[in-house]
Amino acid sequence: YTMIYGIIKLINFAHGDIYMLGAYFGFIATTMFGFSFIPAILFSMACAALAGIIIERVAYRPMRNAPRIAILITAIGVSFFLEYSMILIATPQPRTFPAVFEATIYHFGPLVVNSQQIVILISALILMAVLTYIVQNTKAGKAMRAVSFDADAARLMGINIDRVISMTFALGSALAAAGGVLVGIYYNSIDPLMGMVPGIKAFVAAVLGGIGIIPGAMLGGIILGVVEAMVSGFFSSTFRDAAAFAILILILLYNPAGILGKNVREKV
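The notes below deal with the structure included here.

Analysis parameters
Residues numbered from 1 in each chain as written. Predicted model: local features only at pLDDT ≥ 70, side-chain atom pairs only at ≥ 80, totals over all residues. Heavy atoms only, no water. Core = buried A, V, L, I, M, F, W, Y, C linked by side-chain atoms within 4.5 Å. Buried < 20%, exposed > 50% of the residue type's maximum accessible area, 1.4 Å probe, protein only. Helix = DSSP H or I, 4+ residues; strand = E, 2+ residues; numbered from the N terminus. Contact = heavy atoms within 4.5 Å. Salt bridge = Lys/Arg side-chain N within 4 Å of Asp/Glu carboxyl O. Patch = residues over 30% accessible without salt bridge, like charges linked within 9 Å, V, L, I, M, F, W, Y side chains within 5 Å. Areas by Shrake-Rupley, 256 points an atom, 1.4 Å probe, with all protein chains shown as cover. Pairing = 2+ DSSP bridges. Phe/Tyr/Trp six-rings, centres within 6.5 Å; stacked < 30°, edge-to-face > 60°. Lys NZ or Arg CZ within 6 Å of the ring centre and 35° of its normal.

## Looking at the nonpolar core
Side chains that are nonpolar tend, in soluble globular proteins, to be buried together.
So, point 1. Membership of the largest hydrophobic core comes to 50 residues, with the highest contact counts inside it found for I18, L21, I41, Y60, V78, L82 and I190.
So, point 2. Here the element with the most residues in this core is helix α8 (residues 161–187); it accounts for 13 residues.
So, point 3. With near-sequence residues (within four places) excluded, Y60 lies in contact with L10, N12, A14, I55, T74, A75, V78 and F169.

Written as structure tokens, this is what we have:
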């Protein structure tokens, strides 16, 4: 969400469904091809990156100069298309994600964690480190930052805007796919509508941290996860989703720029 918004100011509401596609790509890799965890997640990320490029080329690029509301409606349409196409192809029945490794329980004093949670945490940290390196230290990352700052100036300097936007969609889609595979492994179940609520919560996390700011997205996700866990533990799990949307309302009312966002005065 936050990378794509930073580049072309688009809220890609189909992002949650790319996450769902990634889970199914991982499912195919483990069940049909017999891949282990790392090859399966790499296969899923590659397939989702290709899907992201195709979606950007077919659905979003022709709408690039259209009014914002038209692009938003297109994003919602792509989301529904992916969801119900997958229902048609894979049926609406949940699929059991194969256990690619055993869930071993570890006790650290009062803290109880399992190996799946540790793998998810380590994988997230590695992917964030790789993403940060790409954005900050590579030629492609510099082009992304240039387009985000001023697309017209970047074009005048010889940067291929279309290529940068496609690369951004590919990168964001690959990360979404990794999340889909990890969640499929953790909950042992996937279905065609699994991306709806996590997609909305990812948007809340991006807004909370400061949409368009990559470290803010990670910070917003951590805060949102902690709040949901505390609400579930101290009150009831039925209020967990309500807490996420309450945070969205509060941040929009009192700090629309987000935690790491900045209010920028613009001359018109």
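## Topic: the pattern of salt bridges
So, point 1. This structure, assessed with the given rule, holds 6 salt bridges.
So, point 2. Put simply, R61 and E56 hold a salt bridge, and the shortest N to O gap is 3.1 Å.
So, point 3. Take E56: its relative accessible area is 1%, and that puts it in the buried class.
So, point 4. Among the salt bridges present, the one from D162 reaches R64, with a minimum N-O distance of 2.4 Å. Here D162, found in helix α8, pairs with R64, found in the loop between α3 (37–60) and α4 (68–90); they are 98 residues apart in sequence, far enough to count as distant.
So, point 5. Here R64 falls in the partly exposed class, since its relative accessible area comes to 27%.
So, point 6. Connected through shared salt-bridge partners, E56, R61, R64 and D162 make up one network.

## Describing unusual backbone geometry
So, point 1. Residues other than glycine seldom take positive phi values, yet T91 does so here, at roughly 70°.
So, point 2. Topologically, T91 is positioned in the loop between α4 and β1 (105–108).
So, point 3. One non-glycine residue, N188, lies in the positive phi region at around 60°.
So, point 4. When you line up the elements, N188 lands in the loop between α8 and α9 (196–209).

## Considering a nonpolar patch on the surface
So, point 1. Judged by side-chain polarity, I69, L72, I73, I76, F80, Y84, L193, M196 and V197 come together as a nonpolar surface patch covering roughly 800 Å² of accessible area.
So, point 2. Listed by contribution, the elements that provide at least two residues to the nonpolar patch are α4 and α9.
So, point 3. Relative to the assigned elements, V197 resides in helix α9.

## Brief notes about the environment of G77
So, point 1. Considering the arrangement of structural elements, one finds G77 in helix α4.
So, point 2. Between the C-alpha atom of G77 and that of F245, which follows or precedes it by 168 residues, the distance is 22 Å.

## Focus: the pairing of strand β2 (residues 111–114)
So, point 1. Two elements, β1 and β2, share 4 bridges in a ladder whose sense is antiparallel. Bridge pairing links F108 to L111 in β2.

## Some words on the environment of I120
So, point 1. Its location among the elements puts I120 in helix α5 (residues 115–137).
So, point 2. Each C-alpha atom of the pair I120 and F27 lies 17 Å from the other, and the pair is 93 residues apart in sequence.
So, point 3. With sequence-adjacent residues up to four places away left out, I120 is seen in contact with L182 and Y186.

## Brief notes about the packing of aromatic side chains
So, point 1. Enumeration over the complete set of coordinates arrives at 11 aromatic pairs.
So, point 2. Taking the centre distance of 5.6 Å and the plane angle of 45° together, the rings of F33 and F35 count as tilted.
So, point 3. For F33, a relative accessible area of 44% gives the class partly exposed.
So, point 4. Note on F35: relative accessible area 31%, which makes it partly exposed.
So, point 5. One aromatic cluster is present, formed by Y1, F13 and F203 through successive ring pairs.
So, point 6. Sitting over the face of the ring of Y5, K9 holds its NZ or CZ atom 5.8 Å from the ring centroid.

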